[in-house]
Amino acid sequence: MDNFIYETPTKVYFGRNEELKVGKLVAEYETQKVLIHYGGQSAKKSGLLDRVRQALEAEGISYVELGGVVANPELSLVRKGIELCLAEGVDFVLAVGGGSVMDSAKDIANGAANPGMDVWDFSLGKCTPEKTLNKGAILTLAAAGSEMSDSCVITNMDTGDKRGYRHSFNRMNFAIENPELTFTVNAYQTACGAVDIAMHTIERYFCPGNDTYLTDALAEAVVKSTMKAGVDCIRNPEDYEARANMMWASSLAHNGLTQCGRNCQLVVHQMEHEISGMYPKVAHGAGLAALWCSWARYVYHANIPRWLQYAKNVWNLDIDFEHPEKTVEKAIDLQEEYYISIGMPVNLSMLGVAEDSLEKLALACSRNKTRVLLGYKPLEYDDMLKIYQLAYHGRFAE
């Protein structure tokens with residue numbers, strides 16, 4: 001087991017009606033003015049924004065609002081949020097929504113606290129924030145795990161670049177998780193969420209590392225629970241227990257717990273960021289589903305024992321020791337069939353990705369052939385291009 005630092009400072013308030021506490025929670029930080037940050041109309045139509053306003057007003061806390069966050073949060077709205085915070089003297093950013101809203105809120109909080117820095121430089125790794133504003137989240141979608149992660153992913157529409165950066169300042173002070181707030185999430189977005197949650201842990205599972213059987217057991221439980229909850233939520237959108245398990249899995253899958261002792265880089269996430277950066281209408285979870293099986297078939301030979309463990313412990317397969325590759329390939333096939341069963345794409349052509357854009361995707365992901373994605377099998381430009389090509393048709397190529 002490798003050395004690691006495990007930090008989870010975010011305080012979680014989980015369960016029915018917990019969002020009603022938001023005013024008192026924000027007040028604990030001696031807040032003067034809040035930016036309420038959200039996406040589209042669902043938070044308004046559901047009455048959630050009204051409840052948030054009332055809770056803040058009950059504590060005598062003033063607020064301003066900024067909506068309009070889209071599926072891949074955009075730098076232009078972040079910049080608008082920073083300007084609003086500076087003009088209004090905002091000292092707390094409250095995200096009401098899913099991962100995109102939370103990532104946008106994180107970047108706004110970092111940018112507003114460091115007005116002398118260009119917030120996009122944080123994403124490019126040219127500089128790091130020196131401080132941040134206090135921030136919290138009320139989840140309305142179980143997917144990204146941004147409520148407890150130290151990551152922030154933003155898209156620059158001017159360049160088509162989608163970049164993420166990690167920093168302790170990206171941690172929320174608190175997260176409110178009421179599974180009932182996800183009852184209205186449609187089947188497609190629920191499925192995208194199930195893919196993203198599980199993938200946060202699956203990718204960590206296949207990062208280099210040894211003798212992490214406790215971390216492995218936790219990871220396997222998160223993956224299996226998420227896949228079951230995803231099916232149950234789609235079958236019955238108001239199944240509280242399914243929504244609750246999926247929401248909690250979202251937090252555990254991306255707060256560092258399922259990577260302890262392993263040297264982690266989320267390779268498929270990096271490759272997918274280029275897709276949804278170039279094609280903003282592609283949902284992140286859908287892009288992951290379209291890529292993962294082709295990536296898995298390309299790299300599994302680099303560590304067959306690890307993949308056999310996954311096949312046995314996640315998919316309950318008996319190992320064919322004479323032909324272990326067949327067991328691994330069966331596990332990958334089963335995961336692909338799961339994606340199909342919940343309405344997810346399993347190749348890039350299903351997402352509308354153009355075949356002639358695959359080289360551009362590989363060049364972008366490899367940073368013009370200067371970056372290598374690390375793992376049991378390191379991926380250079382040629383590897384990335386091959387995976388994109390395999391994923392264009394997937395297993396179902398004619």
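Residues numbered from 1 in each chain as written. Predicted model: local features only at pLDDT ≥ 70, side-chain atom pairs only at ≥ 80, totals over all residues. Heavy atoms only, no water.

Let us look at the pattern of salt bridges. Side-chain pairing between opposite charges can occur once the charged atoms of the two side chains come close. Summed over all chains, the structure comprises 22 salt bridges. Lys21 is the salt-bridge partner of Glu18, the closest N and O atoms lying 2.9 Å from each other. By relative accessible area, Glu18 is classed as buried at 13%. A salt bridge links Asp232 to Arg235; its shortest N-O distance comes to 2.9 Å. Here Arg235 and Asp232 lie together in helix 8 (residues 213-235), a separation of three residues that amounts to about one turn. (Salt bridge = Lys/Arg side-chain N within 4 Å of Asp/Glu carboxyl O. Buried < 20%, exposed > 50% of the residue type's maximum accessible area, 1.4 Å probe, protein only. Helix = DSSP H or I, 4+ residues; strand = E, 2+ residues; numbered from the N terminus.)

Here the focus is the pairing of strand 8 (residues 174-177). The side-chain alternation of strand 8 yields two buried faces, one formed by Phe174 and Ile176 and the other by Ala175 and Glu177. Pairing of strand 1 (residues 11-14) with strand 8 involves four bridges; the strand directions are parallel. Residue pairing across strands places Tyr13 opposite Ile176, the latter belonging to strand 8. (Pairing = 2+ DSSP bridges.)

In this section: the sheet that holds strand 1. Pairing is parallel across the open sheet formed by six strands, whose spatial order is 1-8-5-4-2-3. The open sheet has two edge strands, strand 1 and strand 3 (62-66), and neither has a second partner. On average, each strand axis in the sheet is inclined to that of its neighbour by 20 degrees, with strand direction left out of account. Relative to strand 5 (residues 134-139), strand 4 (residues 92-97) runs parallel, the two sharing six bridges. The residue bridging Val96 from the neighbouring strand is Ile138, located in strand 5. Against the sheet, helix 3 (residues 48-58) makes contact with strand 2 (33-38), strand 3, strand 4 and strand 5, and its axis sits at roughly 170 degrees relative to strand 2, the strand it touches most. Of the strands in this sheet, strand 1, strand 5 and strand 8 are in contact with helix 9 (residues 240-253), which crosses strand 1 at around 175 degrees. (Axes fitted to C-alpha atoms, helices over the stretch in contact; angles between N-to-C directions. Contact = heavy atoms within 4.5 Å.)

Attention now goes to the environment of Gly116. Along the chain, the position of Gly116 falls in the loop between helix 5 (99-113) and helix 6 (119-124). Residues Gly116 and Ala144, 28 residues apart in the sequence, show an inter-C-alpha distance of 30 Å.

This part takes up the state of the cysteines. Summed over all chains, the structure comprises zero disulfides. Counting only cysteine sulfurs, Cys264 is the nearest neighbor of Cys207, a cysteine outside any disulfide, at a range of 3.4 Å. Sulfur of Cys293: no disulfide; nearest cysteine sulfur belongs to Cys192 and is 15 Å away. The exposure class of Cys293 is buried, given its relative accessible area of 3%. (Disulfide = S-S within 2.5 Å.)

What is shown is where atoms sit, not what they do.
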